[in-house]
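Observations on the three-dimensional arrangement
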Amino acid sequence: MDRTLPLSALQHYLYCPRQCALIHVEKVWAENRFTAEGRLLHLRADAGAPGRRGGVAQDRAVPLRSDRLGLYGVADVIELRPGPDGSEVPYPVEYKRGGPKIEDWDREQLCAQALCLEEMLGAVVPEGAIFYGKPRRRERVVFDTPLREAVEHHCRELHAMIEAAETPEAVPGKRCRGCSLRDACMPGASRRVETYLQRGLDP
Ligand code: SF4
């Protein structure tokens, strides 16, 4: 890829392509309680010094990059776990406020981190974990072929949207309730305007 985008752009794209375009094309940003809590959680996760947890070495705030996917970012925590041949296997851990989701948004974001690590280190990264604030527990994520393919597919879609510099129409849904850009997006209003205009055009 010619352009590199932050890993957060992939996360925004998975949540809502319009939200992603508002942030990364139109440069609109607004904070709400959810984004503020998420930012503080990441700051806390990234702030600690490298150390050990249960005998496993941990690095924090590790820079990531993939030229192939056109992504860069920072991993909250990378553990180095003993592999079957005695080598160390990277194991990314991402911190999230809130709880596990049915959708693959968080799992894809973590898998994208793994693909960055594989490209940077020439290693195989088979799995990682997401630490959810509510409840305070880890969810193990296996980076299987369907998940890897989904990441690659969505990365291509993300880059095409940013390249075209077009903001998709709002598709109102449950996710709008937690969206910090709701005021800028006006999801219901844009639909109403669209309907109003359509009625005016209909014979
Ligand atoms: S309000 Fe809804 S449609 Fe608009 S950007 Fe947010 S999630 Fe997307």
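The rules behind these values
- Residues numbered from 1 in each chain as written.
- Predicted model: local features only at pLDDT ≥ 70, side-chain atom pairs only at ≥ 80, totals over all residues.
- Heavy atoms only, no water.
- UniProt positions renumbered as here; feature names shortened; annotations may be inferred.
- Salt bridge = Lys/Arg side-chain N within 4 Å of Asp/Glu carboxyl O.
- Buried < 20%, exposed > 50% of the residue type's maximum accessible area, 1.4 Å probe, protein only.
- Near = heavy atom within 4 Å.
- Nonpolar A, V, L, I, M, F, W, Y, C, P; charged D, E, K, R; others polar.
- Helix = DSSP H or I, 4+ residues; strand = E, 2+ residues; numbered from the N terminus.
- Expected span 1.5 Å × (residues − 1).
- Axes fitted to C-alpha atoms, helices over the stretch in contact; angles between N-to-C directions.
- Parallel < 35°, antiparallel > 145°, perpendicular 65-115°, else oblique.
- Left-handed = near helix turned anticlockwise from the far one by under 90°.
- Contact = heavy atoms within 4.5 Å.
- Phe/Tyr/Trp six-rings, centres within 6.5 Å; stacked < 30°, edge-to-face > 60°.

As recorded in an unreviewed UniProt entry, the protein goes by CRISPR-associated exonuclease Cas4 and comes from Pseudodesulfovibrio methanolicus. A UniProt comment under Sequence similarities (unreviewed entry) is attached to the protein, and it reads "Belongs to the CRISPR-associated exonuclease Cas4 family."

**Regarding the pattern of salt bridges**
Evaluation of the coordinates by the stated rule reveals twelve salt bridges. Measuring nitrogen to oxygen at the nearest pair gives 2.7 Å for the salt bridge that ties Asp106 to Lys101. Assessed through its relative accessible area of 28%, Lys101 is described here as partly exposed. Within this structure, Glu94, Lys96, Lys101 and Asp106 form a network of salt bridges that share partners.

**Some points on the site of the ligand**
All residues in the neighbourhood of the ligand are listed as Cys16, Gln19, Ala170, Val171, Arg175, Cys176, Cys179, Arg182, Cys185 and Pro187. Broken down by class, the residue content of the shell around the ligand amounts to seven nonpolar, one polar and two charged.

**Description of helix H4 (residues 105-121)**
Taking 1.5 Å per residue as the helical rise, H4 with its 17 residues ought to reach 24 Å, and the 25 Å between its terminal C-alpha atoms agrees with that figure. Of all 17 residues that make up H4, 14 are buried, and the element is covered over most of its length.

**Re the packing of helix H1 (residues 7-15) against H4**
H4 packs onto H1 with a crossing angle of 155° between their chain directions and a minimal axis gap of 9 Å. If you check the angle between H1 and H4, you find them roughly antiparallel. The interaxial crossing formed by H1 with H4 has right-handed handedness. Along the contact surface, H1 presents Leu7, Leu10, Gln11, Leu14 and Tyr15, while H4 presents Trp105, Glu108, Gln109, Ala112 and Gln113. The residue makeup of the contact of H1 with H4, split by class, is six nonpolar, three polar and one charged.

**A closer look at the packing of aromatic side chains**
Per the counting criterion, the structure on display carries two aromatic pairs. Ring centres of Tyr15 and Trp105 lie 5.2 Å apart, and the angle between their planes is 70°; on these two criteria the pair is classed as edge-to-face. A residue pair is termed long-range when its members are at least 10 positions apart, and Tyr15 in helix H1 and Trp105 in helix H4 qualify at 90 residues. The exposure classification of Tyr15 matches that of Trp105, with both residues buried.

**Things to note about the side chain of Glu118**
Residue placement: Glu118 occurs in helix H4. Excluding residues within four positions of it along the chain, Glu118 makes contact with Ala123, Val124, Val125 and Arg148.

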